[in-house]
Amino acid sequence: MYLAQIYVHHKASILDPQGEAVLNALQRLGYDKVDSVKQGKYFEVNIKSDSEDEASKIVNDIAKDLLVNHNMESYEFELKEVAK
């Protein structure tokens, strides 16, 4: 079994209004050393598989089919083998 940790974030060319709002709030609170904030999504998915290659394919399919808007977002993930 594998634990997939999937990180989805805006592409560099896409405006991130939520990140900008957080940045503005932090700067108003005196965190003047904070230069930028990007907001994204994080998912943990347990995958029943004996093969890391199969688990990786499943994660890519899940991301492409449901989790990511490919016009605006990109993703990356990590797989960790966990006890069965």
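Scroll up to find the structure.
Residues numbered from 1 in each chain as written. Predicted model: local features only at pLDDT ≥ 70, side-chain atom pairs only at ≥ 80, totals over all residues. Heavy atoms only, no water.

Novice: What's the story with the pattern of salt bridges in this structure? I'm lost.
Specialist: Any two side chains of opposite charge can pair, on the condition that their charged atoms come close. With the rule as written, the count across this model stands at two salt bridges. Here Glu73 ties to Lys41 by a salt bridge, and the two come within 3.3 Å at their closest N and O atoms. On the criterion of sequence distance, the pair formed by Glu73 in strand 3 (residues 73-81) and Lys41 in strand 2 (residues 40-47) is long-range, its members being 32 residues apart. Note on Lys41: relative accessible area 34%, which makes it partly exposed. (Salt bridge = Lys/Arg side-chain N within 4 Å of Asp/Glu carboxyl O. Helix = DSSP H or I, 4+ residues; strand = E, 2+ residues; numbered from the N terminus. Buried < 20%, exposed > 50% of the residue type's maximum accessible area, 1.4 Å probe, protein only.)

Novice: How should the side chain of Asp16 be read in this particular structure?
Specialist: Relative to the helices and strands, Asp16 is located in the loop between strand 1 (2-10) and helix 1 (17-28). Among buried Asp, Glu, Lys and Arg side chains, Asp16 stands out as unpaired, with Lys38 the closest opposite charge at 5.5 Å. If near-sequence neighbours (up to four positions away) are discounted, Asp16 is found in contact with His10, Val37, Lys38 and Gln39. (Lys, Arg positive; Asp, Glu negative; His and termini not counted. Contact = heavy atoms within 4.5 Å.)

Novice: Teacher, can you tell me more about the sheet that holds strand 2 here?
Specialist: Think of a sheet as strands paired side by side through backbone hydrogen bonds, with each pair either parallel or antiparallel. The three strands lie next to each other as 2-1-3, forming an open sheet whose pairing is antiparallel. Sheet topology places strand 2 and strand 3 at the edges, where each strand pairs with a single neighbour. Neighbouring strand axes in the sheet, compared pairwise and without regard to direction, differ in orientation by 20° on average. Contacts from helix 2 (residues 52-67) reach strand 1, strand 2 and strand 3, with the element oriented near 150° to strand 3. (Pairing = 2+ DSSP bridges. Axes fitted to C-alpha atoms, helices over the stretch in contact; angles between N-to-C directions.)

Novice: Got a minute to help me understand the packing of aromatic side chains in this structure?
Specialist: In this description, an aromatic ring pair is defined by two values, namely the gap between the centres and the angle between the planes. In this structure the tally under the stated criterion is two aromatic pairs. Taking the centre distance of 5.2 Å and the plane angle of 40° together, the rings of Tyr7 and Tyr42 count as tilted. Of this pair, Tyr7 sits in strand 1 while Tyr42 sits in strand 2; the two residues are 35 residues apart in sequence, bridging distant segments of the chain. An angle of 15° between the planes, with centres 6.5 Å apart, marks the rings of Tyr75 and Phe77 as stacked. Among the residues examined, Phe77 registers a relative accessible area of 24% and is labelled partly exposed. (Phe/Tyr/Trp six-rings, centres within 6.5 Å; stacked < 30°, edge-to-face > 60°.)

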